[in-house]
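Architecture at a glance
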Amino acid sequence: MQAETYPFVVRPLPYAYDALVPVLDQETMTFHHDKHYKTYVDNLNSALSDYPELQGKSLKELLTEIDLLPAPVRTSIRNNGGGVFNHELYFDSMKSPVGQDPTGALAEAIDRDFGSYKQWKEQMKQAAMGQFGSGWAFLVADRDGKLSIVQTANQNVPDLDDYTPILLVDVWEHAYYLQYQNRRADYLEGWFGLINWRKAGMRYEEVL
């Protein structure tokens, strides 16, 4: 994702609102993008509006320096900045369901670090199912290219100094409840068919 500074903007979806049907319907995607994600962008800009010394920092810089930020806005930037970062990566990690599989260096790394794609999928699903309440499950790479799965609660992000997020799945209820109600497992099974492995592979190549 490109570097961006204040005022942060609402990025359009990289596909039509109905492009992920039948896994995610148009109502879910419209509500998720136009309401939830937009609110995080608006709230992040509001938090930064009185702090010109922070307005030249990228989102990644703000989130990696969170403990150094002024105390009055630290929590707001953590929550809303994380909400912006996570949602932009989530939306950008999907495409219309066409059964794409991982290829190249990322596919080799998945086999190396998890044993197989099937084993990675099972571990990723367990992490997403096991995240109590709201949060995320990430596939991340360390500086040496080793892959691992990380859970975060609320809008927290992994340690961006040590890890590069390759892809993630949103397990906040607003990501799936309009269509799946409490059937998180069904949503997750469908989500695996939406993964944009080409973009995930490009992120991994950047790590290497």
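Look up a bit, the structure's there.
Conventions adopted
- Residues numbered from 1 in each chain as written.
- Predicted model: local features only at pLDDT ≥ 70, side-chain atom pairs only at ≥ 80, totals over all residues.
- Heavy atoms only, no water.
- Helix = DSSP H or I, 4+ residues; strand = E, 2+ residues; numbered from the N terminus.
- Rg over C-alpha atoms; globule rule 2.2 N^0.38 Å.
- Buried < 20%, exposed > 50% of the residue type's maximum accessible area, 1.4 Å probe, protein only.
- Contact = heavy atoms within 4.5 Å.
- Areas by Shrake-Rupley, 256 points an atom, 1.4 Å probe, with all protein chains shown as cover.
- Lys, Arg positive; Asp, Glu negative; His and termini not counted.
- Charge placed at Lys NZ, Arg CZ, Asp CG, Glu CD.
- Core = buried A, V, L, I, M, F, W, Y, C linked by side-chain atoms within 4.5 Å.

Let's shift gears to the overall build of the protein chain. When helices and strands are tallied, the protein chain shows 8 helices and 3 strands. Starting at the N terminus and walking to the C terminus, you meet the elements of the protein chain as α-α-α-α-α-β-β-β-α-α-α. Since a compact globule built from 208 residues should have a radius of gyration of about 17 Å, the 17 Å found for the protein chain is in line with a globular shape. With the principal axes as the frame, the protein chain shows a C-alpha extent of 50 × 40 × 30 Å. Within the protein chain, buried positions represent 47% of all 208 residues. For the protein chain, long-range pairs separated by at least 24 residues make up 69% of all intrachain contacts whose partners lie at least 6 apart in sequence. Entry remark: accessible area of the protein chain is about 9,900 Å², with carbon and sulfur atoms responsible for 49%. Of the side-chain charges in the protein chain, 19 are positive and 29 negative, and the distance between the mean point of each set is 2 Å.

Buried together is how nonpolar side chains tend to be arranged in soluble globular proteins. Ranked by internal contacts, the top residues of the largest apolar core, which has 65 residues, are Leu-24, Ile-77, Tyr-90, Met-94, Trp-120 and Leu-147. Apart from the residues within four sequence positions on either side, Ile-77 is in contact with Leu-44, Ala-47, Leu-48, Leu-54, Leu-62, Leu-63, Ile-66, Leu-69 and Gly-82.

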